[in-house]
Amino acid sequence: MKPIYKIMIVDDEMLVRQGVKHLLDWEQEGYRIVAEASNGLEALDLVDEVNPHVILTDIVMPVMDGEEFVKRVKEKYPQIEVIVLSSFSEYGYVRSTFQSGVADYILKPKLEAEYLLSILNKTTAKMVGTQMGDQGIDMEEKQLTRIIEKLMSGYEASQDPGLVHSKFPYRRFAFFGTDMHHIKDSDDKVTFASQIDRGLRKLSKDKAAYMQLKFDNDSILFLINVNPEQWVEMVMELRCLVPEMTEIKSGTQFVLSQSFEDFNRLGEIYRNNYLKLTRYSFYLPTRSLIENDHLPGLSDAYQEYDMGELSEQLRRKQFQKAFTSFLEFVHLWSKDYRTEIFEFKSFLGNFIFNVTTTLGKMKYETPGGEDAKYDYFRKIDEARYAKEAIAIAEAFIHEAEHVILKANSLFNPNISNLLEYIHEHYADPITLTGVARQFHFNASYLSSFFATHNEEGFSEYLNKVRLEKAMELLLTTGESISEISANVGYSDQSYFTKVFKKHTGISPSQYRKQFSEEIKES
């Protein structure tokens, strides 16, 4: 009979708690909601009373937020699994909770029954796997397993040196394991884990020992103990073993951690090295074995991406430039395997959100429809590799370009080029006739075309661009009015002053004085 797992919900919004409670037929799925709370402090008071197996918690809450709540739960009740509910904007908090040991996270926009159930089933399967793994293990090995698990969780653990030496007679240690998310069938996972175990038995008895530490529905982990003089030879044997295993299950990637000789460093190496290496697989899909000592070189440093500039380029209808620069950046960034996966995926989601929002303000349709936005979020979140996540963003861009091209009344490739040309050459003595010649148009036709596809006529738009730049220079530089006038494309200072006053209601010197004083006062 399937066990009933007890669930606690922690969220300061009553509507969210009610929504979660009515999202599933909990009893039918093997779960029971035993408590709910509106903040972390209230929840802590209930934990001892209801003893939940799994806690679903919000991050941003009053009194005690989710970050502090998770930390306290995992310190006092390490057996309780915690799943975080978050939004893209709360990335920093979520990253902190992962360091405390949360099982998973769910983005609130995608809090749907089927997805929530899959996360819960995956989380509780770990408990089942742990219980099954205990069967057939002798008491000494159970004791050693508990010591290792405490060290891996970040706690100190008293130990009998003789007990450790009986299982691990050599001086050097390393973690070796693999993720099995891509293997859908549970029986296949058990079979594959057994095949890995048989493969490790091929290691020569006089130079290495090993112990299986963790096996659940998602991963299998071994602690390998090696004679230091045989370390290189053992690594070579593991490199030979990996192709045999990947031939059995294609797409599998193995990880070999940094080696260490102090048993008490086991937890530090697991948390700060092994787990980090497992995340590198997201960026290194072609590597069947990710070794700490054989990582690829990193690309040159890259600049931070400016989402504000993206929005500005879209508003100027420089669509090709905006999308091309984004893809260039994201492909370069994906070569830095040190990047947090959640951060990378959140960045792609924020790009989709910004493009959708900006296009909406410009009266374009939502690419793929409003529901498609969340579908893109879901697909990015579920992507196994960076290249898959980027491909989803590229599919969104393709859909956005289709929407833009379809809206001919709002967008024409020629008007985009015209606006871009004006923004690049506003300081030059450009004229309607000169621009028409540049774009091979008749000047009269260009004037009509520009007015049809833009809110202002050519001259009005050119003056607006020049004056916006002039206002910026007046407040950020010490240049004279005459110099600024020339720098933004006006050869006649008096005409510049006349146009400026007509546009703003005050002269350039009055504008500088008025707004400079306001900046100082603020």
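The notes below deal with the structure included here. From a predicted model like this one, the values you see are computed outputs, not experimental measurements. (Residues numbered from 1 in each chain as written. Predicted model: local features only at pLDDT ≥ 70, side-chain atom pairs only at ≥ 80, totals over all residues. Heavy atoms only, no water.)

### Brief notes about the packing of aromatic side chains
Under the counting rule described, the total for this entry stands at 35 aromatic pairs. Considering the side-chain rings of Tyr270 and Tyr274, the 6.0 Å spacing of their centres and the 15° angle between planes classify their relative orientation as stacked. Of this pair, Tyr270 and Tyr274 both sit in helix 11 (residues 266-280), four residues apart, roughly one helical turn. Tyr274 carries the same exposure label as Tyr270, and that label is buried. In this structure, Arg466 packs its charged tip against the face of Tyr490, placed 5.3 Å from the ring centre. (Phe/Tyr/Trp six-rings, centres within 6.5 Å; stacked < 30°, edge-to-face > 60°. Helix = DSSP H or I, 4+ residues; strand = E, 2+ residues; numbered from the N terminus. Buried < 20%, exposed > 50% of the residue type's maximum accessible area, 1.4 Å probe, protein only. Lys NZ or Arg CZ within 6 Å of the ring centre and 35° of its normal.)

### Points about the pattern of salt bridges
Pairing is possible between side chains that carry opposite charge, provided their charged atoms lie close to one another. Within the structure shown, the criterion is met by 18 salt bridges. A salt bridge links Lys76 to Asp48; the shortest N-O distance between them is 3.8 Å. One end of the pair, Lys76, is in helix 4 (residues 66-76); the other, Asp48, is in helix 3 (residues 40-50), with 28 residues separating them in the sequence. Its relative accessible area of 53% is what places Asp48 among the exposed residues. Between Glu68 and Arg72 there is a salt bridge whose closest N-O contact spans 2.9 Å. (Salt bridge = Lys/Arg side-chain N within 4 Å of Asp/Glu carboxyl O.)

### Side note on the nonpolar core
Counting 66 residues, the largest nonpolar core has Ile148, Phe175, Leu223, Phe263, Phe326, Phe344 and Phe351 as the members making the most contacts within it. In contact with Phe344, other than residues within four places in its own chain, are Phe282, Tyr283, Val330, Trp333, Ser334, Thr339, Ala386, Ala389 and Ile390. (Core = buried A, V, L, I, M, F, W, Y, C linked by side-chain atoms within 4.5 Å. Contact = heavy atoms within 4.5 Å.)

### A closer look at the environment of Leu238
Following the sequence through the fold, Leu238 ends up in helix 10 (residues 231-248). When its relative accessible area of 0% is taken as the criterion, Leu238 is described as buried. The sequence separation of Leu238 and Leu200 amounts to 38 residues, and the corresponding C-alpha distance is 8.1 Å. Those residues in contact with Leu238 that lie beyond four places of it in its chain are Phe176, Leu200, Ile224 and Leu256.

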